Amino acid sequence: MADNNHSYFQHPYFVLTGIPGLEQKYYWMAFPLGAIYVIALFGNGVIISTIKSESSLHIPMYYFLCMLALADMGLALCTLPSMLGIFWFNHKSIAFDACLVQMYFIHTFSAIESGVLVAMALDRVVAIWDPLRYGTILTNGVVCRTGTVILTRAVCVVFPVPFLIKRLPFYRSNILSHSFCLHQDVMRLACASTRVNSLYGLIAVVFTKGSDSLSILLSYVFILRTVMAIASGEGRLKALNTCVSHICAVLIFYVPLIGVSVIHRFGKHLSPLTHALMANAYLLVPPVLNPIVYTVKTKEIRKKIIQIFVQSKITAEG
């Protein structure tokens, strides 16, 4: 009888967790956290505006970089309200439906970023394998269709996830492990079988992150074979140098992702602090580091940032 009474019960809200054991230092952590979000939003915004304004960057490589920056900004904006709410205002509750919305957008933007990294890998394959036909193979139409496919795949694959969570009853704990809502974290609080959720989550991860990581790996196997066929050492070095930024972006995205996935499945004995730090790294590291990597490697973006600082200094002095 009790089970029937609770079969459709859901908490009106979840309680988010900041960083366990450091609650007394949240006030001091708010400033570096705010700086992280400023760097992420400002850096990716500069990349987008630079690519838009510089006609020399109107090529597929930088169009894909613009998509990556948009995905990073989306990830940052998804977590910003709940993270700043905890660390700045000590506001830890999030409404049930708001949690599902945040979960949907976090996983959607993550899938978009993964797809964009595949597109960037294929871009490098074409640029190194057949540089003379690069512009005729990767036309603006191909780039637009690729972006549409990446967006559609992410939206459709993640779309069922909130509804699969919505059907579950929650009448025991409502305390989440992180400062934002992730599917695995919310699912573990359910008071019913989550076999369907787990199975669909696994299928979604394999279809997106799994197939994407395999595609990137195969792309670089092909790139290495093509580069090794280049006669001169200088030519090989020049070809590989064009891939450095993308390799960094792949590592920045996939290393924290693999870490948080392994911890969720096999690290139940680890401390809550470890879970929290890995989840934060998974969502905060790519939006912060990707702009830094591409700024270092792209002269036009460096010039744009210098111009912004010079103009702001002149304005402040005036």
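Residue positions are counted from 1 within each chain, in the order its sequence is given. Local features in this predicted model are restricted to residues whose pLDDT is 70 or higher, and side-chain atom pairs enter the listing and the counts only when it is 80 or higher, whereas totals over whole chains, interfaces and linings include all residues. In computing side-chain properties, one takes all heavy atoms of the structure into account and sets aside hydrogens as well as water.

Going by what an unreviewed UniProt entry lists, the protein chain is known as Olfactory receptor 51H1-like and is assigned to Mustela putorius furo. UniProt positions are given in the numbering used here, feature names are shortened, and annotations may be inferred rather than shown by experiment. Per UniProt, the protein chain has the following entry under Subcellular location (unreviewed entry): "Membrane". Under the UniProt heading Function (unreviewed entry), the entry covering the protein chain gives this text: "Putative odorant or sperm cell receptor."

Chemist: I'm lost on the overall build of the protein chain in this one. Help?
Modeler: If you tally the helices and strands in the protein chain, you get 13 helices and two strands. Reported as C-alpha extents along the three principal axes, the dimensions of the protein chain are approximately 75 × 55 × 35 Å. The buried share of the protein chain, reckoned over its 318 residues, is 46%. Working rule for contacts: check all heavy atoms of both residues, and any pair within 4.5 Å makes them a contact. Look at the contacts in the protein chain between residues 6 or more apart in sequence, and 80% of them connect residues 24 or more apart. When charges are counted, Lys and Arg are positive and Asp and Glu negative, with His and the chain ends excluded. Every charge is mapped onto a representative atom, which is NZ of Lys, CZ of Arg, CG of Asp or CD of Glu. Counting 24 positive and 13 negative side-chain charges, the protein chain places the averaged centre of each group 3 Å from the other. Secondary structure counts use DSSP, requiring at least four H or I residues in a row for a helix and at least two E residues in a row for a strand, with both numbered from the N terminus. Relative accessible area decides the class of each residue, using a 1.4 Å probe on protein chains only: under 20% of the type maximum gives buried, over 50% gives exposed, and in between gives partly exposed.

Chemist: Got a minute to help me understand the nonpolar core in this structure?
Modeler: Throughout this description, the term nonpolar core refers to a set of buried Ala, Val, Leu, Ile, Met, Phe, Trp, Tyr and Cys residues connected via side-chain atoms within 4.5 Å. One finds F14, L65, L117, I165, F170 and V186 to be the most contacted residues of the largest nonpolar core, which totals 80 residues. Ranked by residue count, the leading element in this core is helix α4 (residues 96–129), at 16 residues. Residues within four places of L117 in sequence aside, it is in contact with L68, I216, H246, A249, V250, F253 and Y254.

Chemist: I'm lost on the UniProt feature "transmembrane region" (unreviewed entry) in the protein chain in this one. Help?
Modeler: Summarizing the sequence annotation, UniProt attributes the feature "transmembrane region" (unreviewed entry) to residues 26–49, 61–89, 101–122, 142–165, 213–231, 243–264 and 276–296 in the numbering used throughout. When the span residues 26–49 is considered, its composition is 100% helix and 0% strand, and the gap between its end C-alpha atoms is 34 Å. Between the end C-alpha atoms of residues 276–296 the distance is 30 Å, and the span holds 100% helix and 0% strand.

Chemist: What is the right way to read the packing of helix α2 (residues 26–53) against helix α3 (residues 60–89) from this model?
Modeler: Working note: a packed helix pair is described by the angle between its axes plus the distance between those axes. Angular values range over 0 to 180 degrees, each being the angle between N-to-C directions of two axes fitted as lines to C-alpha atoms, with helices fitted over their stretch in contact. α3 packs onto α2 with a crossing angle of 160° between their chain directions and a minimal axis gap of 9 Å. With respect to α3, the axis of α2 lies roughly antiparallel. Between α2 and α3 lies a crossing whose hand is left-handed. When an angle is under 35 degrees it counts as roughly parallel; over 145 it counts as roughly antiparallel; between 65 and 115 it counts as roughly perpendicular; any other value is oblique. Crossings are classed by handedness, with left-handed meaning an anticlockwise turn of the near helix from the far one by less than a right angle and right-handed meaning a clockwise turn.

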